[in-house]
Amino acid sequence: MALDLTTGVGESERERPARHTPPGPLPRPDERAPTDGTRRPDIQGLRAVAVLLVVAFHAGLPLPGGFVGVDVFFVISGFVITGMLLREWRAHGRIRFARFYLRRVRRLTPALALMVSVTLLLSTLLLSPLGPQQATAQTAAGAMFVVANAVIARTTGGYFDGPAEQNALLHTWSLSVEEQFYLGFPLLLALSLLATRRRGARRLPALVVVVVSTCSLLVAVVVSRGWRLEVGELLVGFYGPLTRVWEFGAGALLALSPGLLALRTRGRARVAGVVGAVLLLASVVLISERTPFPGPWTLLPVVATMLLLRAGGVPGTATSRALRAAPMVRVGDWSYSVYLWHWPFIVFATALWPLWAAAAPVAAVLSFGAAVVSFRLVEDPVRRWQPPNRAGVVWLVAACLGPPVLLAGVLGVAVSQGFWSSTVRAHQAAVLEPHVGCYGYVPMTDASSARCTVHVADGVPVYLVGDSHAQHLTEAVRGAGRSSGRPVTVSTATNCPVLDIAVSKVGGPPGHDTGCRRFVQGTLRFLDGAPPGLVVLAASDRYWTDPGFAAGPVGGTVSTDPEVKLRVATTGLASTVRTLQGSGHSVILVADVPRWDGADSWTPVDCTVVSLVLAVGSCEREMPLSHVEARQGEFAEVLREVGRTTGAEVLDVTATLCPDGWCSNRMDGVTAYRDTNHLTVARSEALAPQFAAALTSSGGG
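Residues numbered from 1 in each chain as written. Predicted model: local features only at pLDDT ≥ 70, side-chain atom pairs only at ≥ 80, totals over all residues. Heavy atoms only, no water.

Participant: In this structure, what is going on with the overall build of the protein chain? I would like to understand it.
Facilitator: Helix and strand content of the protein chain: 27 helices and 13 strands. In terms of C-alpha radius of gyration, the protein chain reaches 29 Å, essentially the compact-globule figure of 27 Å for 701 residues. Viewed in the frame of its principal axes, the protein chain has a C-alpha envelope of about 90 × 55 × 45 Å. Buried residues in the protein chain amount to 56% of all 701 residues. A separation of at least 24 residues holds for 79% of the contacts in the protein chain among residues at least 6 apart in sequence. Roughly 27,700 Å² of accessible area belongs to the protein chain as shown, and the carbon and sulfur atoms make up 62% of that amount. Once the 60 positive and 49 negative side-chain charges of the protein chain are each reduced to a mean point, those two points are 17 Å apart. (Helix = DSSP H or I, 4+ residues; strand = E, 2+ residues; numbered from the N terminus. Rg over C-alpha atoms; globule rule 2.2 N^0.38 Å. Buried < 20%, exposed > 50% of the residue type's maximum accessible area, 1.4 Å probe, protein only. Contact = heavy atoms within 4.5 Å. Areas by Shrake-Rupley, 256 points an atom, 1.4 Å probe, with all protein chains shown as cover. Lys, Arg positive; Asp, Glu negative; His and termini not counted. Charge placed at Lys NZ, Arg CZ, Asp CG, Glu CD.)

Participant: Got a minute to help me understand the environment of Asp500 in this structure?
Facilitator: Tracing the chain through its elements places Asp500 in the loop between strand E4 (488–492) and strand E5 (502–505). In sequence terms Asp500 and Leu524 are 24 residues apart; their C-alpha atoms lie 8.8 Å from each other. Excluding residues within four positions of it along the chain, Asp500 makes contact with Arg517, Val554, Gly572, Ser575 and Thr576. In terms of polar contacts, Asp500 uses its side chain to reach the side chain of Ser575, at 3.3 Å. (Polar contact = N/O pair within 3.5 Å; in protein donor to acceptor, adjacent residues only side chain to side chain.)

Participant: How do you make sense of a nonpolar patch on the surface when you look at a structure like this?
Facilitator: Taken together, the side chains of Leu352, Trp353, Trp356, Val362 and Leu366 define a hydrophobic patch exposed on the protein surface, amounting to about 520 Å² of accessible area. Here Trp356 is to be found in the loop between helix H14 (326–352) and helix H15 (359–384). Using a relative accessible area of 45% as the deciding quantity, one classes Trp356 as partly exposed. (Patch = residues over 30% accessible without salt bridge, like charges linked within 9 Å, V, L, I, M, F, W, Y side chains within 5 Å. Salt bridge = Lys/Arg side-chain N within 4 Å of Asp/Glu carboxyl O.)

Participant: What's the story with the state of the cysteines in this structure? I'm lost.
Facilitator: Every disulfide links exactly two cysteines, by a covalent bond between their sulfur atoms. A complete count under the given rule lists three disulfides for this structure. The side chain of Cys496 participates in a disulfide bridge whose partner is Cys516; the two sulfur atoms lie 2.1 Å from each other. Around the S-S axis, the bridge from Cys496 to Cys516 shows a dihedral of about 100° and counts as right-handed. One end of the pair, Cys496, is in the loop between E4 and E5; the other, Cys516, is in helix H21 (residues 512–529), with 20 residues separating them in the sequence. (Disulfide = S-S within 2.5 Å.)

Participant: Sorry if this is basic, but what is going on with the pattern of salt bridges here?
Facilitator: When their charged atoms lie close together, side chains carrying opposite charge are able to pair. Taken as a whole and assessed by the stated rule, the structure comprises 17 salt bridges. Glu88 is paired through a salt bridge with Arg99; the nearest N and O atoms lie 3.7 Å apart. Separated by 11 residues along the polypeptide, Glu88 in helix H3 (residues 69–92) and Arg99 in helix H4 (residues 97–126) bring together distant segments of the chain. Its relative accessible area of 33% is what places Arg99 among the partly exposed residues. Of the charged contacts, one joins Asp600 and Arg631 as a salt bridge, the two residues approaching to 3.0 Å between their closest N and O atoms. In this pair, Asp600 is assigned in the loop between strand E8 (586–590) and helix H23 (609–614) and Arg631 in helix H24 (residues 625–646), connecting sequence segments 31 residues apart. Classification of Asp600 by relative accessible area gives buried; the value is 5%. Counted as one network, the salt bridges with shared partners bring together Asp541, Arg542, Arg595 and Asp597.

Participant: So what exactly am I meant to see when it comes to the packing of H3 against H4 here?
Facilitator: A pair of packed helices is characterised by two quantities: the angle between their axes and the separation of those axes. Two elements in contact, H3 and H4, have axes whose closest approach is 12 Å; the angle formed by their N-to-C orientations is 145°. By crossing handedness, the relation of H3 to H4 is classed as right-handed. Residues Ile81, Met84, Leu85 and Glu88 of H3 form the contact with H4, whose own contacting residues are Arg99, Phe100, Arg103 and Arg104. Broken down by class, the residue content of the contact of H3 with H4 amounts to four nonpolar, no polar and four charged. (Axes fitted to C-alpha atoms, helices over the stretch in contact; angles between N-to-C directions. Left-handed = near helix turned anticlockwise from the far one by under 90°. Nonpolar A, V, L, I, M, F, W, Y, C, P; charged D, E, K, R; others polar.)

Participant: Got a minute to help me understand the side chain of His58 in this structure?
Facilitator: Structurally, the position occupied by His58 is in helix H2 (residues 41–58). Among the polar contacts listed, one links the side chain of His58 to the side chain of His342, at a separation of 2.7 Å. His58 has contacts with Tyr159, His342, Trp343, Ile346 and Ala360, leaving out every residue within four places of it along the chain.

Given below as structure tokens:
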């Protein structure tokens with residue numbers, strides 16, 4: 001099942017049950033909610049706004065908060081579904097669950113099944129066997145069984161992280177959240193309505209929604225503040241249903257409580273419409289991927305949607321006229337199909353043309369064609385079709401679930417076997433083989449040093465510390481330790497250089513900065529008392545040029561200005577080296593490896609099965625050394641300057657990785673990089689002789 005972007009489209013005209021008034025008091029449904037069988041064109045217009053925001057965001061247009069369109073959908077769904085269920089209760093004195101869920105299946109699942117099946121087939125040809133195909137296959141099965149959000153949280157990672165951009169079914173997370181709401185909310189509403197009938201507590205349904213929504217909002221706020229709850233990321237993270245329930249509840253409360261945000265006059269409706277539009281615009285502009293979300297900021301799009309739902313129901317206002325405009329209503333009718341198809345189009349287009357800036361916007365526009373075809377040939381006809389009997393229902397469900405689940409299984413098996421191609425399997429093995437050594441925000445200590453030792457020997461110890469760019473050198477340093485008879489201990493942490501300065505990841509995950517600082521301070525304390533040896537300091541050089549990182553003196557003000565950061569890095573690196581030397585250690589400073597950035601952008605996931613097997617496409621790339629020097633030369637000069645002033649040796653492997661002035665992503669027939677800026681295990685091992693020479697010349701101890 002999937003995100004109900006089409007609930008209410010023509011439904012009231014087909015389903016007008018006989019009126020039945022159950023005994024006992026009932027909450028009076030909002031006269032402007034679709035509980036009386038009427039169609040609200042303005043709601044379709046609001047759906048159009050929501051889907052256009054999401055598509056524009058995914059297409060890379062300058063709408064940093066466009067993803068809040070999903071939150072708009074959640075509020076609309078809570079409003080519409082509650083109105084539908086109240087109409088059912090008022091007409092029949094009960095909620096007919098089988099009928100309700102059959103409508104959901106008939107309306108939503110066939111179009112979803114078609115999109116998932118087509119996406120799986122194209123993924124076989126257009127996506128990489130290094131993760132994107134696996135994630136897409138697993139997400140496909142999750143989407144069909146209403147748990148895509150859990151699958152994505154477990155396999156793909158954060159919504160704004162790099163791997164998410166290659167999961168062609170990433171957008172189905174919200175579809176599963178919506179269906180999970182459908183599974184639980186009707187029962188909760190039915191029980192509260194039943195209690196209302198028996199006990200006469202007229203406001204009980206609204207009170208229940210308020211209590212549940214408040215708890216959900218509190219969970220969202222707590223999690224957004226960096227608190228970790230025992231229930232886990234699957235339930236309370238970005239994709240978690242527990243932090244989203246309150247958004248549906250906000251819409252449900254509108255349908256249950258006619259006095260909430262009531263607009264008694266047209267003038268108030270005009271004001272509410274303007275305020276709602278301003279708040280929604282503010283959401284799109286002020287919220288970004290760096291905003292803790294969902295959380296307090298989510299109130300902006302939620303309240304905006306509530307106001308627009310109220311204002312849109314009052315005819316004659318500017319808001320109502322804008323949302324009821326024929327083009328907006330038409331796009332709203334298509335919104336479910338548009339939502340389904342736009343993301344796969346964007347993923348496949350950027351996979352085919354990774355360097356073409358217009359690939360995503362053009363794909364987004366073209367996806368509307370597929371959406372309209374899907375709407376007219378599948379979504380709308382099946383929505384209108386009435387199964388003649390239970391056998392018809394069974395066949396419908398089987399026809400919807402069977403093909404995509406089967407295709408997901410076939411793709412999953414094929415990619416796990418490397419498509420039975422030695423070339424594909426070799427590429428997978430090279431890129432996916434993990435590095436050894438300790439990697440995390442746990443400082444090196446006497447207790448952990450034994451666990452973090454990757455080569456045991458009796459010679460002068462070698463300590464490799466730093467971030468992930470130290471970790472990917474583990475095999476090189478371990479090989480050097482073996483050849484020279486030295487023990488090698490490795491302790492590294494992501495986005496965390498071991499320097500006597502403060503480094504902050506702008507908009508990073510909660511707790512990153514404090515965890516990084518704790519790791520650095522603890523590791524430096526350990527090295528201060530450790531047996532004298534040779535410390536190898538390695539880290540990415542992106543901290544000093546990337547605006548996503550800020551740096552400054554410990555306890556002082558951090559800055560994202562590259563010039564300021566380079567000065568701070570020079571001072572901090574020199575101070576760190578002298579501190580280590582004062583503890584009896586020799587120090588080697590390792591320059592960063594060439595990165596595949598900018599015009600030279602490349603990553604192993606650009607390699608598809610077709611390009612690997614046929615040796616065509618973007619699996620073989622080269623870039624001139626001059627590009628590397630232009631991007632990374634400034635910090636390389638900082639390292640050389642610190643080396644001159646402190647006596648530390650500087651090791652730069654760029655010439656080895658870029659012989660004859662050209663850098664290649666494959667060396668000696670082996671993939672050299674596991675992403676844009678990290679070496680594979682095989683390439684790291686090949687650097688061992690160069691590191692062995694550096695260890696010998698540096699001495700240590």
